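Each chain is listed here by its residues.
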Amino acid sequence: MHKPLTIAMPKGRIFEEAAELMKKAGYDLLAEQEESRKLILEFPEQNIRIMMAKPMDVVTYVEYGTADIGIAGKDVLLEQDRDVYEVLDLGISPCYIAVAGLPDQPLSKIAPKIATKYPKVASDYFREQGEQIEIIPLNGSIEIAPLIGLADRIVDIVSTGRTLKENGLVEYEKIVGITSRMIVNPVSYRLKSKEIDEMVNQLSEVVGEDFV
Ligand code: PRP
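Residues numbered from 1 in each chain as written. Predicted model: local features only at pLDDT ≥ 70, side-chain atom pairs only at ≥ 80, totals over all residues. Heavy atoms only, no water.

Quick word on a negative patch on the surface
A cluster of like negative charges, contributed by E16, E17, E20, D28 and E45, occupies part of the molecular surface. With respect to the secondary-structure elements, E20 resides in helix 1 (residues 13-24). Taking relative accessible area as the criterion, E20 reaches 35% and is therefore assigned partly exposed. (Patch = residues over 30% accessible without salt bridge, like charges linked within 9 Å, V, L, I, M, F, W, Y side chains within 5 Å. Areas by Shrake-Rupley, 256 points an atom, 1.4 Å probe, with all protein chains shown as cover. Salt bridge = Lys/Arg side-chain N within 4 Å of Asp/Glu carboxyl O. Lys, Arg positive; Asp, Glu negative; His and termini not counted. Charge placed at Lys NZ, Arg CZ, Asp CG, Glu CD. Helix = DSSP H or I, 4+ residues; strand = E, 2+ residues; numbered from the N terminus. Buried < 20%, exposed > 50% of the residue type's maximum accessible area, 1.4 Å probe, protein only.)

Set out below in structure tokens:
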């Protein structure tokens, strides 16, 4: 038998949606994970190994080839610009990246501060708008920044809009829509093209997308 196909899956909220899609495509990965804290799961009967990764790290495992395939948010792909193939839009975990801040606060004229965990996406966006900004990098709870005067605006994910609302913030502009994507290591794609194509084809039937 060939070496197992290794898939880096995001832990947390995307996992269940992704695993549900995999199940519909004929790969039942849910049963074992539900009760488990294991980070590497083996499915010998399907010749698959799953690595449970932080969503931001999935792309790293795939770029270095320790995982052949990964499921990653478009937000991470835009931010990290790594050497991986993006083969399928899974359409799951839809949300978007937006600029938000306190209501009725015009953007300061001189180097407004933008708090974000997406420095590249934010810099690219404001450069296109012709605005010179200062990035304040944060790792989470970004919405705090305008409340305590650390930043004029934030650039962050909006899903239901609840976090903005409950913190008295408003959305100023949408930057880009986000869904989860299937990504593939370029070398794996050559060496394991049969298994990978089979999985991508089955998943694309489930999500109703042509794969690119
Ligand atoms: C994300 C994002 C927002 C929130 C948006 O944070 O950064 O804070 O979800 O979701 P909503 O529009 O449904 O309220 P996450 O929960 O990933 O935690 P973080 O603050 O640690 O980034």
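A word on the domain arrangement of the protein chain
Under the domain assignment, the protein chain is made up of domain 1 (5-93 + 179-207) and domain 2 (95-177). Computed over C-alpha atoms only, the centres of domain 1 and domain 2 are separated by 30 Å. For the pair domain 1 and domain 2, the two sides together bury roughly 730 Å², of which 56% comes from carbon and sulfur. By the criterion of area lost to domain 2, the three top residues of domain 1 are D75, L78 and E79, representing 63% of everything that side buries. There are zero salt bridges connecting domain 1 and domain 2. Linking domain 1 with domain 2 are four residue pairs in polar contact (both at pLDDT 80 or more), by the criterion used here. Looking at the side of domain 1 that touches domain 2, its residues break down into two nonpolar, two polar and three charged. (Domains from an automatic or database assignment. Buried area = accessible area lost by both parts, 1.4 Å probe. Polar contact = N/O pair within 3.5 Å; in protein donor to acceptor, adjacent residues only side chain to side chain. Nonpolar A, V, L, I, M, F, W, Y, C, P; charged D, E, K, R; others polar.)

With respect to helix 9 (residues 193-207)
Over its 15 residues, helix 9 runs 20 Å from end to end, which matches the ideal 21 Å to within 8%, given 1.5 Å per residue. Considered for burial, the residues of helix 9 that qualify are I196, M199, V200, L203 and S204. Seen along its axis, helix 9 keeps its buried residues to an arc of 130 degrees; they face one direction. Exposed residues pointing more than 90 degrees away from the buried face of helix 9 are listed as K194 and E205. Trailing helix 9 by a residue or two, G208 shows a phi angle of about 70 degrees, which is positive. (Expected span 1.5 Å × (residues − 1). Arc of directions from axis to C-beta.)

Considerations on the site of the ligand
In the vicinity of the ligand, 13 residues are found, and the nearest of them are R13, K117, E143, T160 and T163. One of the side-chain nitrogen or oxygen atoms of K117 is found 2.2 Å away from an oxygen atom of the ligand. In the environment of the ligand, an oxygen atom lies 2.8 Å from a nitrogen or oxygen atom belonging to the backbone of S159. In isolation the ligand exposes 490 Å². Once the protein is present, 71% of that is buried. The pocket occupied by the ligand, as judged from atoms lying within 2 Å of grid points, is the largest pocket. Top contributing element to the shell around the ligand by residue count: strand 9 (residues 153-158), with three residues. (Near = heavy atom within 4 Å. 1 Å grid on protein atoms, 1.4 Å probe; cavity = no way out; pocket = protein on both sides within 12 Å on 5 of 7 lines; lining within 4 Å. Sits in = over half its atoms within 2 Å of the grid points.)

Notes on the sheet that holds strand 7 (residues 113-116)
Ordered in space as 8-7-9-6-10, the five strands form an open sheet in which the pairing is mixed. The sheet terminates laterally at strand 8 (134-137) and strand 10 (170-178), the two strands that pair on one side only. Taken pair by pair, the neighbouring strands of this sheet meet at an average axis angle of 25 degrees, ignoring direction. In this fold helix 5 (residues 119-128) packs onto strand 6 (95-101), strand 7, strand 8, strand 9 and strand 10, with an angle of close to 145 degrees to the strand it touches most, strand 7. (Pairing = 2+ DSSP bridges. Axes fitted to C-alpha atoms, helices over the stretch in contact; angles between N-to-C directions. Contact = heavy atoms within 4.5 Å.)

Focus: the packing of helix 1 against helix 9
Across the interface, helix 1 lies against helix 9 with an axial gap of 9 Å and an inter-helix angle of 105 degrees. Accordingly, the angle class assigned to the pair helix 1 and helix 9 is roughly perpendicular. Two secondary-structure elements touch here, helix 1 through L21, M22 and K24 and helix 9 through M199, L203, V206 and V207. Within the contact of helix 1 with helix 9, the residues separate by chemical class into six nonpolar, no polar and one charged. (Parallel < 35°, antiparallel > 145°, perpendicular 65-115°, else oblique.)

Remarks on the side chain of E143
Within the fold, E143 resides in the loop between strand 8 and helix 6 (144-147). Lacking a salt bridge, the buried E143 has K117 as its closest oppositely charged neighbour, with an N-O distance of 7.5 Å. Dropping the residues within four chain positions of it, E143 is found in contact with I154, D156, T163, L164, N167 and L169.

Remarks on the nonpolar core
Judged by nonpolar contacts, the single largest core of 29 residues is most densely connected at M9, I50, M182, M199 and L203. Contributing elements (two or more residues each) for this core: strand 1 (5-10), helix 1, strand 2 (40-43), strand 3 (48-53), strand 4 (69-73), strand 5 (85-89), strand 11 (180-184) and helix 9. With near-sequence residues (within four places) excluded, L203 lies in contact with L21, M22, A25, L88, L90 and M182. (Core = buried A, V, L, I, M, F, W, Y, C linked by side-chain atoms within 4.5 Å.)

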